[in-house]
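Here is how the chains run, residue by residue.
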Amino acid sequence: MPARGLPSSSRPRDNFERSISSSAMCQCPLMTQLHPHLKLHQRILRCWCKDTPAFAMEEEAENCSRLRTRAYVDSLSLMKQGAEARVYRGQFLGKAAIVKERFPKTYRHPILDEKLTHRRTAQEVRSILRCRKAGISAPVVYFVDYVSNCIYLEDIEQSTTVRDYIISIQQAGKDVSQLYGLSSKMGQLLARMHDEDVIHGDLTTSNILLRSPFDELNLVMIDFGLSFISALPEDKGVDLYVLEKAFLSTHPNTEEIFKALLKSYTTASNKSGPVIKKLDEVRLRGRKRSMVG
Amino acid sequence: MNETFVLELFPEYKIILLLFKNVRNAAALKEKAKNGSIDGALLNPAMVVDPLQILVAVNKAIHLQKVGKMKTRTLNAEIIFNLSPTNNISEAFRRFGMSDRDSQVLVILTDDGSCTSNSQEVVSNVEGQQVPLSELSQLTEITKVKKVSKTLNQYTYILKLIAFHLLERSVQIHFNLRYNTVITCSLIRNQVNTSKKTPIVSTLGVGDPDRS
Ligand SMILES: Nc1ncnc2c1ncn2[C@@H]1O[C@H](COP(=O)(O)OP(=O)(O)O)[C@@H](O)[C@H]1O
Ligand SMILES: [Mg+2]
């Protein structure tokens, strides 16, 4: 089924979405039987026998829950409206919190959409936890609501994105040499994350926060919706390649600064050798592809 | 002395926390909670690091009750279950619930108007001394909290931080249940930050966790 709405190439997708939306089975109600990797939740299967009273009650309860969540998040201030999610800021359990709501996307088949949205929510929580358990800085998760696909996170107060920070330094015409410290911190952070086999999947300078006060260079990793667990150097190499592309296109004239990032990654990671090798390979592939296309 | 909290998602509920010391009738109280004459969750305050830990558990329990996905039969049981790092309900009660010989208890009343107990009733039922919730931290027994988590041996964090990891773990395990919550206390960070032991700060923010 071709995706309606956005052209598929411009949306971020993970392997899972690619593999299932590329086949005709999206239109089939019993896609579980056709696709070995898809074990649909009972709830979704029950969509196909909607007449049962138990289902009606469950549906009713979930709708109430959705309305409640809607009312709450609408009372918060909308920080960012993205293609996949809305990010709100406000109070939760008396703490400063961020609510990340993944909303349904009409250009996808509804069942596929529910599955994907649920998966990304779960994936985001899972990776945040994995990082935090390993002592890698990521926000605290206060609550996860799989009915509305909302994650309630600790607000890293007074933080800025690495993106905005770099831009502000560059614009102020300040000495960019101070960015070397930042980029080598980023390299260390990524090395530790990759050593835990967490592949971020959407590494950009917008998805790393810098705690206040900024000059202490305390970084916090966020936005794990496309993340997955893998020990393969290839996956880690691609992760770095994605960052390199994003970094150099968002921040002009930062080649040397990015090199410092890779250098500190190499020093900090136990397994950097094969990763950097893969990165070089992926770069080459990327270049070849752009020459052909 | 009763501390009342309101949950943003469920503003129709009042969450009332009552803390007692020198309790002499724990067994009788537990019996009353079992037969429903006390409509509250009776906790062992030794296992509670911060009220936020309770609020996270209560918020999740109410959410699951509303969507019909509770793992236990009552809201009070669900609250105790949510505090535990494992999926074993009787274990959750053993560790986080008040036990017969305890001399301290933290009572949680979750009232949306249908709760059959009010705080006065609870106070009159407890033979003991009510103390402000701010004394909770004095009753926390970190060695007990620590015992509950198997992952903790590899870490040598200061006390409060251990609880922090315990809480995180509880979520890891609950993850399989589809509904999942992680708990942490920002209070902990504040305390850690003010301490001089920098490697510990790192587990919450930057740097390496201090592994032994
Ligand atoms: N825990 C947080 N604390 C502070 N700001 C945050 C937090 N999480 C997200 N943000 C802000 O919201 C923006 C978008 O969040 P993100 O998780 O990256 O969503 P998206 O998937 O839409 O990019 C971030 O760039 C950051 O500015
Ligand atoms: Mg982002």
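Residues numbered from 1 in each chain as written. Chains lettered and ligands numbered in written order. Predicted model: local features only at pLDDT ≥ 70, side-chain atom pairs only at ≥ 80, totals over all residues. Heavy atoms only, no water.

Participant: What is the right way to look at the coordination of the magnesium ion (ligand 2) in this model?
Facilitator: Note on metal geometry: ideal angles are 109.5 degrees for four donors arranged tetrahedrally and 90 or 180 degrees for six donors arranged octahedrally. Residues and elements named next belong to chain A. The protein atoms that coordinate the magnesium ion (ligand 2) are Asn207 (OD1) and Asp223 (OD), at distances spanning 2.1 Å. Here Asn207, found in the loop between strand 7 (198-199) and strand 8 (208-210), pairs with Asp223, found in the loop between strand 9 (219-221) and strand 10 (228-229); they are 16 residues apart in sequence, far enough to count as distant. Residues Asn207 and Asp223 agree in their burial class; the two are buried. (Donors = N, O, S within 2.8 Å, 3.2 Å for Na, K, Ca; no water. Helix = DSSP H or I, 4+ residues; strand = E, 2+ residues; numbered from the N terminus. Buried < 20%, exposed > 50% of the residue type's maximum accessible area, 1.4 Å probe, protein only.)

Participant: How do you make sense of the site of ligand 1 when you look at a structure like this?
Facilitator: All names here are of chain A. Every one of the 17 residues lining ligand 1 counts as a neighbour, but Lys80, Lys100, Glu154, Ile156 and Asp223 are closest to it. In the environment of ligand 1, a nitrogen atom lies 3.3 Å from a nitrogen or oxygen atom belonging to the side chain of Asp155. At 2.8 Å, a backbone N or O of Ile156 approaches a nitrogen atom of ligand 1. For ligand 1, whose free accessible area comes to 550 Å², the fraction covered by protein is 88%. When contributions to the shell around ligand 1 are tallied by element, the ones reaching two or more residues are strand 1 (77-81), strand 2 (85-92) and strand 3 (95-102). (Near = heavy atom within 4 Å. Polar contact = N/O pair within 3.5 Å; in protein donor to acceptor, adjacent residues only side chain to side chain. Areas by Shrake-Rupley, 256 points an atom, 1.4 Å probe, with all protein chains shown as cover.)

Participant: Explain the packing of helix 2 (residues 51-66) of chain B against helix 3 (residues 75-83) of chain B to me, please; I cannot follow it from the model alone.
Facilitator: Between two packed helices, what matters for the description is the angle formed by their axes and the separation of those axes. Residue and element names in this part refer to chain B. Following both chains from N to C, one finds helix 2 and helix 3 inclined at 130°, their axes separated by 8 Å at the closest point. Classified by the interaxial angle, the pair formed by helix 2 and helix 3 is oblique. For helix 2 against helix 3, the interelement crossing comes out right-handed. Packed against helix 2, whose contacting residues are Gln53, Ala57, Val58, Lys60, Ala61, Ile62, Leu64 and Gln65, the element helix 3 presents Leu75, Glu78, Ile79, Asn82 and Leu83 at the interface. Tallied by class, residues from the contact of helix 2 with helix 3 come to eight nonpolar, three polar and two charged. (Axes fitted to C-alpha atoms, helices over the stretch in contact; angles between N-to-C directions. Parallel < 35°, antiparallel > 145°, perpendicular 65-115°, else oblique. Left-handed = near helix turned anticlockwise from the far one by under 90°. Contact = heavy atoms within 4.5 Å. Nonpolar A, V, L, I, M, F, W, Y, C, P; charged D, E, K, R; others polar.)

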